[in-house]
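Structural overview for review
Each chain is listed here by its residues.
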Amino acid sequence: MYCKKGLSQIAFATALLISLMGFSSETRTKSTKNIEKITNFKKDTPVFLQQSISGTVLDDTGAPLPGASVVEKGTTNGVTTDFDGNFTMDVNTDAILEISFLGYSVKEVSVNGQSRIEVQLEPDATQLDDVVVVGYGTQKKSDVTGAVASVKSEDFNKGVVTNPGELLQGKMAGVNIAPNSGEPGAAQNVIIRGVGSLRSGTQPLYVVDGFLLDNSSTGIVTNPLNFLNPNDIASIDVLKDASATAVYGSRASNGVVVITTKRGKSGKTQMNFSVSAALSSMAHKIDVFNPDEFRSQVAASGGTLEDYGGSTDWQDELSQTGISKNIDFSMSGAASEKFSYFASVGYQDQEGILKNSELKRYSGKLNMNQKAFNGKFNVDYNLTASHTENLRPSITSTMSDMLSLNPTIPAYTDGEPTLLNTNQLNPLKRYELYSDMAKNNRILASVSPSVEIVEGLTYKLNLGVDYSVTNRDRQYKPYPSVINESNISDGTLDTEMFTNTNQLVENTLTYNWNKDVHNLTLLAGHSYQKFTTESRIFSYKGFANNNVDPIYQDQTSTDEYPTSVNSSAVKNELQSFFGRVNYSHNDKYLFTATLRADGSSKFGENNKYGYFPSVALGWNISNEDFMADSGFNNLKLRASWGKTGNQEIPAKITQASYSEDRLITGSGSLNTYPIDTDANSLDGYPYGIVYSRLANPDLQWEVSTQVDVGIDFAVFDYRLTGTLDYFNKVSSNILLEVVPADPIQPASTYWTNIDDMKIHNSGLELALDYSSDTAGDFSYNIGGNITYIKNKVVDSPYSVLTTGAAQGSGQTGATINGYINNEPIGAFYMFQFDGIGDDGLNIFRDINGDGETLDNDRSVVGSAIPKFIYAYYLNFKYKDFDLGLNFNGVAGNKVYNHTAMTLFTKAQLSKSNNTTDFATQYPNESTTNANTVSTRYLEDGSFLRLNNATLAYNLSSDKIGLENVFQNIRFSLTGQNLFVITDYSGFDPEVNTGSASGGVQTFGIDYFTYPKARTFLIGLNASF
């Protein structure tokens, strides 16, 4: 039993140690108060001692915890652990011990007559003064003035995951991540606080271990971030408002995603081995007619039935159960305080639910850090290497056949795919003939030496390169049985080669100054980045039918089948100067100011540089004396304003470009004239030079100006935490390629900034988390987030800027949605369908009341962008079992079912093509009725999805006598996409496979989308 004086000394020493470790004054105050509670014994308190107990307190890695508090519950009897985490004390035999340490959850242990115990504490992230990654550095969460959301690896989505976006879906307020389809590694729309640009799409800037990636394509159709192994990622921080993103300037208008990979930890040497296997199947089938229904419906439609006597479910025939495998091994540790490392290798093989659909990735990772000169010289080294193989089927053709092919056609005849008529290919045969294989090798490497010049002043150099090479071969083997399609009958091969090089050189100076209640951090830096993209595409046609793939055949260019070659090379450069000031006074009053100047080779001489400032204020209200008894553990008010930019436009568009032109036929030409006025042959007409692009040195940067006001709070001893933000983002100087108003122009289009046009996004974000007491066998935490976004286009000079257009015979180019003045982004603009008339044809609403239905009767009928984005999670733990459920959904958006418009019509049914009952809704509909773009095919896109569910068992190694071999063994069962509640009639409401118009990104169109899978995964993870 310690006396009061002895414990006071320990309290003082512990508080001093915490102060030296760099915790905030808020944390120091709370820690000291907790210790004072232990030391404030009443001298007359009787203590009945019946036995002595000793033990060791460990952290989550198994390392000893010196200074941990051990208190007999309900008494003032307590001790603290020594340097090795050990303690000894006298307690009642039926005592319950409360063990606690700053940043860890309190744990209760029953003595039950034991003489020795060992206790391992788990981190409590809500109590830690977490460090989050911001631009060019880190900050304590309590000091952050911007809107930053962070997710650690333990909270990532589980299952078959191929890229960082899948880890984050549903995890953050204001961040909507929607895969375009169910294809393995599919591209995603990542939208942070709404769509703010026409040309740059929605992709944020990605920063991996301090290296700024280029968002351009690497030649692989699926997600370019598939090269990153998700198991190597330690945390992902999303910078949402201008205060957080302005330090990245010209590329931050869509937000910034900062990815930090794993590193070795001091005092911990560990190996991890994980292996998993998964089965995936089609989550939802579309209810097309079965053979018997098909026969009766074709006859009822007045069509001619082509009955082949079979019974085929083409959705079953053309899909498969995909098998996925994943193996990862990593080593990490720290040989000393001067050297740490993390190394990993990984293999992933994910099969899609369509045949010939597969994504393989071989990855390697090496992170090292070494210090010298008493920690004043520091070198970080990061290397990521990957080889990715992406095999894809002909998705559009396969999906069309899957839904519309006559179900009476036998899939096979005499063991071979049934030969259809001469102008149609059996899709089972297409699987044999067609392949699309892209192979990518990518290396991302950086080295970052830093040196502390004088106390508080550190210089850092960041050198890095991102080098990617992709070879893609798309081929059709010759198949003469299909005589009306020369691509198939004679064979084709398209070979594409892409090389991307991204080089980065950055120099930064950081100065930290602390005195009394003042804390100042100054950052100044220079960045230079060069991007080089090269591509070559070779197209061949006409191959021998000899069972040898065209890729391995020789081919000679002929007049009938000439070889075509298309090559391009683009180089862009970006030079930047930036600075930031962070100041805090007494851990209560916070100030941040940032300025970045970006100069880009993409812009003309008159506007080469753009300037992007921001300023933010914060107030840690809970640190005020008047809040001492308020019940708030944390209460912080934030406010920020700033500007970010967009330079995601094609290269060289500000410079003039020319092309050659000459008279080809005997008719006149506007571009050439004969030197000899008596010329009567082509030789008399020399080549002429014409503009293909006009110079525009005045082109300006697109700018997003954002205001954010936020509140962070925690109550009930950090059990309930939350964040509430209001934001208002306005994009101006909109960049767009337009047609000149003057019809007499030397070029058909030109790039310009649209005067006065703006894109508004405003909304509210709320995130909440509640954690129960973790001391008992059972604990839980629940939480979620919801975002409301209101957006619209303002002062647009155009009636409609088409973003989504129809495809297919008779419909190509018809507007589906676009940007319309004073309407939401992605507004669907079309006729309103009012049924079928007595003549069997469409009836569309006469909006303007002029008695006719013309183009000016089209109207806005909804938006593809959700008004509400939400997610919630439920995590339960009982002894060694844990269960996690993650739900996500959207509301307030529409989806245009282009697939139904193309396939599910009465005209298709009458031609003996399969459909759904959508085609038979109106018995009197004529088979000649047009499938005009209208609300007939517009559906509610709202949904709620059980995105992820994981049941796991953690086997302690001491239970099987292997404590000297393993630290922990974890078995898990994960289900993905287990159910979706929606009114949408397609495969899945979370789609975007429409056709963009003029380089402007489309949203919310379902055009022969690759179906989503339902996946079940069994995993094993062992730490040793």
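Residues numbered from 1 in each chain as written. Predicted model: local features only at pLDDT ≥ 70, side-chain atom pairs only at ≥ 80, totals over all residues. Heavy atoms only, no water.

**Quick word on unusual backbone geometry**
- Even without being glycine, N586 reaches a positive phi, approximately 60°.
- With respect to the helices and strands, the residue N586 is situated in the loop between β28 (564-585) and β29 (589-600).
- Looking at N586, the relative accessible area reads 30%, which means it is partly exposed.
- Despite not being glycine, D717 has its phi angle at roughly 55°, a positive value.
- Considering the arrangement of structural elements, one finds D717 in the loop between β34 (702-715) and β35 (720-732). (Helix = DSSP H or I, 4+ residues; strand = E, 2+ residues; numbered from the N terminus. Buried < 20%, exposed > 50% of the residue type's maximum accessible area, 1.4 Å probe, protein only.)

**Quick notes on the pattern of salt bridges**
- Summed over the entire model, instances satisfying the criterion amount to 37 salt bridges.
- A salt bridge links K240 to E765; the nearest nitrogen and oxygen atoms lie 2.9 Å apart. Of this pair, K240 sits in the loop between β15 (233-239) and α4 (242-245) while E765 sits in strand β38 (residues 758-771), and the two are 525 residues apart along the sequence.
- Residue class for K240 comes out buried when judged on its relative accessible area of 9%.
- Put simply, R970 and D882 hold a salt bridge, and the shortest N to O gap is 2.9 Å. With R970 in strand β51 (residues 968-982) and D882 in strand β47 (residues 881-891), this pair connects stretches of sequence that are 88 residues apart.
- For R970, a relative accessible area of 24% corresponds to the partly exposed category.
- Each of R193, K240, K636, R638, D708, D712, D725 and E765 takes part in salt bridges that share partners, so that together they form one network. (Salt bridge = Lys/Arg side-chain N within 4 Å of Asp/Glu carboxyl O.)

**A closer look at the packing of aromatic side chains**
- Inspection of every chain in the model, using the stated rule, returns 21 aromatic pairs.
- Look at Y788 and F868: their rings are 5.2 Å apart centre to centre, the planes differ by 45°, and that puts the pair in the tilted class. With Y788 in strand β39 (residues 778-794) and F868 in strand β46 (residues 868-878), the pair connects residues that are 80 residues apart, well separated along the chain.
- The rings of Y770, F778, Y780 and F876 are connected pair by pair, giving a single aromatic cluster.
- Taking the ring centre of F227 as reference, the NZ or CZ of R442 above it sits at 3.9 Å.
- Positioned over the ring face of F943 is R945, at 5.0 Å from the centre of the ring. (Phe/Tyr/Trp six-rings, centres within 6.5 Å; stacked < 30°, edge-to-face > 60°. Lys NZ or Arg CZ within 6 Å of the ring centre and 35° of its normal.)

**Details of the pairing of strand β11 (residues 175-179)**
- Among the 5 residues of β11, 5 are classified as buried, and the element is accordingly described as predominantly covered.
- Alternating residues of β11 divide into V175, I177 and P179 and N176 and A178, and every residue in both groups is buried.
- With 5 bridges connecting them, β11 and strand β12 (residues 188-192) associate as antiparallel partners. Following the sheet pairing, P179 is matched in β12 by Q188. (Pairing = 2+ DSSP bridges.)

**Quick look at the sheet that holds strand β4 (residues 86-91)**
- Taken in spatial order, the 3 strands of this open sheet run β4-β1-β7, and their pairing is mixed. In the strand order of this sheet, the two ends are held by β4 and β7 (116-120), each with one partner. Between one strand and the next, the sheet's axes are offset by a mean angle of 30°, whatever the strand orientation.
- Here strand β1 (residues 51-58) pairs with β4 via 6 bridges, running antiparallel. Among the inter-strand pairings, S54 is bridged to a residue of β4, identified as T88. (Axes fitted to C-alpha atoms, helices over the stretch in contact; angles between N-to-C directions.)

**Describing empty space enclosed by the protein**
- Applying the stated criterion to the full structure yields 15 cavities of 30 Å³ or more.
- By volume, the largest cavity is sized at about 500 Å³.
- Looking at the largest cavity, it is lined by 29 residues, and the ones nearest its centre are V160, E166, Q976, K1012 and A1013.
- Elements with a contribution of two residues or more to the lining of the largest cavity: β19 (339-351), β50 (943-956), β51 and β54 (1013-1023).
- Looking at the lining of the largest cavity element by element, the count peaks at 3 residues for β50.
- Here the residues of the lining of the largest cavity sort into 7 nonpolar, 15 polar and 7 charged.
- Empty space within the second largest cavity amounts to approximately 230 Å³.
- Taken together, 21 residues form the lining of the second largest cavity, with N176, A178, A864, P866 and V991 sitting closest to its centre.
- Among the elements that take part in the lining of the second largest cavity, β11 stands out by supplying 3 residues, more than any other. (1 Å grid on protein atoms, 1.4 Å probe; cavity = no way out; pocket = protein on both sides within 12 Å on 5 of 7 lines; lining within 4 Å. Points joined across faces, edges and corners; volume = space filled by probe spheres on them. Nonpolar A, V, L, I, M, F, W, Y, C, P; charged D, E, K, R; others polar.)

**What to know about the side chain of K906**
- Relative to the assigned elements, K906 resides in helix α11 (residues 906-910).
- Buried charged residue K906 carries no salt bridge. Nearest counter-charge: E925, at 6.0 Å.
- Within the local environment of K906, its side chain forms a polar contact with the backbone oxygen of P923, the two atoms lying 2.7 Å apart.
- Polar side-chain contacts of K906 include one of 3.0 Å to the backbone oxygen of E925. (Lys, Arg positive; Asp, Glu negative; His and termini not counted. Polar contact = N/O pair within 3.5 Å; in protein donor to acceptor, adjacent residues only side chain to side chain.)

**Here we look at the confidence of the model for the chain**
- Residues of the chain with pLDDT of at least 70 account for 89%, and the chain-wide mean is 86.
- Within the chain, no element has a lower average pLDDT than helix α1 (residues 4-21), which sits at 37, and none a higher one than strand β49 (residues 938-940), at 97.
- Low pLDDT, under 50, characterises residues 1-47; the predicted model gives this stretch 53 contacts beyond four residues in sequence or across chains. (pLDDT = per-residue confidence, 0-100. Contact = heavy atoms within 4.5 Å.)

**Let's talk about the sheet that holds strand β3 (residues 78-80)**
- Here we have 4 strands laid out as an open sheet, ordered β3-β2-β5-β6, and antiparallel in their pairing. Two strands lie at the open edges of the sheet, namely β3 and β6 (107-110), each paired on one side alone. Adjacent strand axes in the sheet meet at a mean angle of 20°, parallel and antiparallel pairs treated alike.
- Pairing of strand β5 (residues 96-100) with β6, which is carried by 4 bridges, proceeds in the antiparallel orientation. By the bridge assignment, E98 is partnered in β6 with E108.

**A look at helix α7 (residues 395-404)**
- Across the 10 residues that make up α7, a large majority, 8, are buried.
- All of the buried residues in α7 are I395, T398, M399, S400, D401, M402, L403 and S404.
- Looking at the buried side of α7, the elements it contacts are β17 (270-282), α6 (314-317), β21 (377-392), α8 (427-433) and α10 (898-903).

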